[in-house]
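# A look at the structure
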Amino acid sequence: MAEVASQELLLAAAFVSDAQYNRNIPFKTSPEAVRLYYLYNRWFMRTATYFFIFLNLSLAVFEEPAVYPLPFLATSLVEVLCLLVFFGRLMHFAKITHRNVFWKDTKNICIMVAILLSLTDLAIYGALRIYNIKSVRWSRIVRPIFLINFAESRQIRRAFRSIRNTLPEITYVFLLFMFSLLMFSLMALKLFGERNLQTAEGLPYFRDYLEIVFDLYVLVTTANSPDVMMPAFDFSSWYALFFIAFVIVNTYIFMSLFLAVVYNNYKKHLKNEIRTLAYMKRRKMIEAFNLLKEEEGTQFVVREAMWKQLVKLVAPDISNSHRELLLRISDDEQKGFIDKKSFLQLADLLNIQVITLKIRSHPLGQWMPRVYRSAVSQFLRSVVRHRGFVWTYDVIILINAVFIALDEESPYISYAEWIFLALYIIEILLKVYTYEPRAFFGKNQFWNWFDTLIIFAALTATILNTTLKSTTKYNSQRILDIVFILRVLRLIRIVDSIQRFRVIMNTLINIVPTMLTFGGLTLVVYCIFAIIGMELFHGKIQFFPPNSNAPYALECGNPALKDSLFARGKYCKNNFNNFASSFIVLMELTVVNQWHVFANGFANVTAQPAKLYFIAFHIVMVIIIVNIFVSFILEAFFVEYSLEKSEVETAIEQKIQELGMGVQEEALQDEQLLDNMESPDNDLEGEGGTKAQPKGLVFKIASKRYRTVDALLQRMFEAEIPLEDEGPSFEEILNLSPATAVPGDLTSERAV
């Protein structure tokens, strides 16, 4: 009986953990499968999976064409090792899921096909290499599939689903845009084709229809403006009206339409995704409750002892006092059990960062109590705590910024630098004197650490720079560069002093996780286009040092680039000769400026259809992915500015205040608190389980910086779900389609 209860507790903890971290893997509920599921979700298993995914992607750096060449045998062995790890991870996943679920999941099929294709291509390439037959490693393009389709990459899959769901609407706008582009191109051909105009390079102007289409497409991105207009404008000023009309219609109207359509569809599908997560989370918590519930009168409840064991399994790192605080919130009337409504909030309670603090007296107050508590000392500390002290140093920073911009060679500027350094050091010493040192340098005190490190690094670099200057052989520009950079970095301090700046910074911090998601999405696109680019353009363009005597060195090693903008602009280093160079080129193409010069240059050394590669990259990366990223930024700011505290956060704060253990955010340093120094042995309960408060123990809710936008949106949708609504079953949630009307147009967590 005890073993059965232990297994049910372990299973319930797995459900609660899934609800806490928004995992929706439909795992088996047998004891062996649950233990394997715990192992599957361990941090080192996920870390190892990501390590081998990025190791597999990085092989392109060492394979031909390589940045750092390695023997084929070495890279092939590493690739086989990565594929074995992927296969093992996939088999682990198969062990914890039902067979029908595993084989219906598209992402598992994608991984198996990618492994099979990679091994087949590796074998064929190796066999042909033995006979010195050159071939193409075409399977390298499937390597990003592993980054997308493993269960850990659900955020990247969600981004791809957003793209997929947005494509139909984008397609209609894009077709209309292409119709407009083709119509304007036809008008340009008729207007300018017969006038024998020439470009600044002496080439025919607007005489080939396909060239006109390309040039006007580039004009939409403004990369060739106003150059493309000048021959016609020089011929007649009236022709400027044609280009003005084109830019208004296609650049301003259609590009804005793209953003509007992408944002509208992204928001709609994101809400559907989040709503699915909310229902899945509710279902997981209900399943956990059903496993642990006992009858108490007319209702089912979870006993306090069982609840404590559950929390210890789900969150083993939180302290006893933190756990007791959560229990006081869940069992507000201290009945000895938790009802269903309170139990369903457990995942939310665990997700809210409650910081445990201990009140510490300043060491100087213990060592020199008379001096530290004297009237002069108290006045000095009150000055440091006053808002005017911060404003004074903000003004000093601004004055310092003016001096940084002035001539460094002036001796007065050098003397002023020492004065500013002295003022900054005095500020830090005064703060350490006023606030308890361990609280001042707590792990959440980012700006205090930043200030101190920057100031003392600048002091060290300035002393070293001054010392070396006194020697006759001083010639180190690097130390000067470090000094200049550290001086400029000091100006960042002012960001935290202005409330509106802090709101923006909080939003930026909140979107970092999703920025990483879009970073993964960009990495996938870059890898695919980089591999294709290397196969298409490798060796076509070469870079030579400025004084090289090699043939066609000025033409990037290719006579086809003679007198071209590409060669004249000295863009020879922008090539696809290896993986790193390809990434740099793609980054430059993402920025858009001068991308048409790249397209024309590579088209000259291959064929004109090569421009389609650059147009395709612009459409995928700039029009679609960048607009989705902008959409997310817009949504993030809307949520950050409009969302208030949740019901669970309010309940936690109320309970903390009821227990007399609360502290305000701004009072942290004034009360001389030490962050996160609580022992796991501390307990809220005194002798006999009374409400006695441990000496010096307080709590606070962490700032909003820990919240992600997904979590905030999910909270909004969870508030719309009534408590009695248990939602659909796991199977129904997983099988819901975007067209499903109930409940709320949910979409499923499927692979792309």
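Structure shown above.
Position labels on residues start from 1 in each chain and follow its written sequence. Selection of residues for local features in this predicted model requires a pLDDT of at least 70, selection of side-chain atom pairs for listing and counting requires 80 or more, and totals for whole chains, interfaces and linings are taken over all residues. With hydrogens and water set aside, each side-chain value is computed from the structure's full complement of heavy atoms.

Below, the discussion takes up the pairing of strand β2 (residues 299-303). Any two strands with at least two DSSP bridges between them are considered paired. Helical segments are the DSSP runs of H or I of at least four residues, strand segments are the runs of E of at least two, and each set is numbered from the N terminus. Taken together, the 3 bridges between strand β1 (residues 294-296) and β2 define a ladder with antiparallel strand orientation. Within β2, the residue paired with Glu 296 across the bridge is Gln 299. Taken together, β1 and the strand that follows it, β2, pair antiparallel across an intervening segment of 2 residues, in which Gly 297 is found at a positive phi of about 70°. Sheet analysis places β2 next to strand β3 (residues 337-339), joined by 3 bridges and oriented antiparallel. Within the sheet, the bridge partner assigned to Val 302 lies in β3 and is Ile 338.

The rule is short: rings of Phe, Tyr and Trp, with Trp giving its six-membered ring, pair when the centres are within 6.5 Å, and they are stacked under 30 degrees, edge-to-face over 60, tilted in between. Using the criterion set out here, one finds 50 aromatic pairs in the structure. Measuring from centroid to centroid gives 5.8 Å for Tyr 40 and Phe 93, while their planes differ by 50°, and the two rings are tilted. A residue pair is termed long-range when its members are at least 10 positions apart, and Tyr 40 in helix α2 (residues 31-40) and Phe 93 in helix α4 (residues 72-96) qualify at 53 residues. Only protein chains enter the accessibility calculation, which uses a 1.4 Å probe; a residue whose area is less than 20% of its type maximum is buried, one above 50% is exposed, and one in between is partly exposed. According to the relative accessible area criterion, Tyr 40 is buried, its value standing at 2%. Owing to a relative accessible area of 6%, Phe 93 belongs among the buried residues under this scheme. For the pair Phe 579 and Phe 583, a centre-to-centre distance of 4.9 Å together with 50° between the ring planes defines the contact as tilted. Of the two residues, Phe 579 and Phe 583 are both situated in helix α27 (residues 579-591); the distance of 4 residues between them amounts to about one turn of the helix. Of the residues examined, Phe 583 reaches a relative accessible area of 22% and is grouped as partly exposed. Two conditions define a charge located above a ring, namely a distance within 6 Å from the ring centre to NZ of Lys or CZ of Arg, and an angle within 35 degrees of the ring normal. Above the ring of Tyr 372, the side-chain terminus of Arg 381 is found at 4.0 Å from the ring centroid. For Lys 573, the ring lying beneath its charged end belongs to Phe 543, and the centroid distance is 5.0 Å.

Time to look at helix α9 (residues 209-220). How far a helix is expected to stretch is found by multiplying one less than its residue total by 1.5 Å. If you check α9, its first and last C-alpha atoms are 17 Å apart, about what 12 residues at 1.5 Å a residue would give, namely 16 Å. Taking burial as the measure, the 12 residues of α9 include 9 buried ones, the bulk of the element. Buried within α9 are the following residues: Ile 212, Val 213, Phe 214, Asp 215, Leu 216, Tyr 217, Val 218, Leu 219 and Val 220. Measuring from the backbone nitrogen of Leu 210 back to the side-chain oxygen at the start of α9 gives 3.2 Å, which picks out Asp 208 as the cap. Where α9 terminates, the next one or two residues include Thr 222, which has phi positive at roughly 65°. In the analysis that follows, any N or O atom pair within 3.5 Å is treated as a polar contact, provided that within protein one partner can donate a hydrogen and the other can accept it, and provided that, for residues neighboring in sequence, both atoms belong to side chains.

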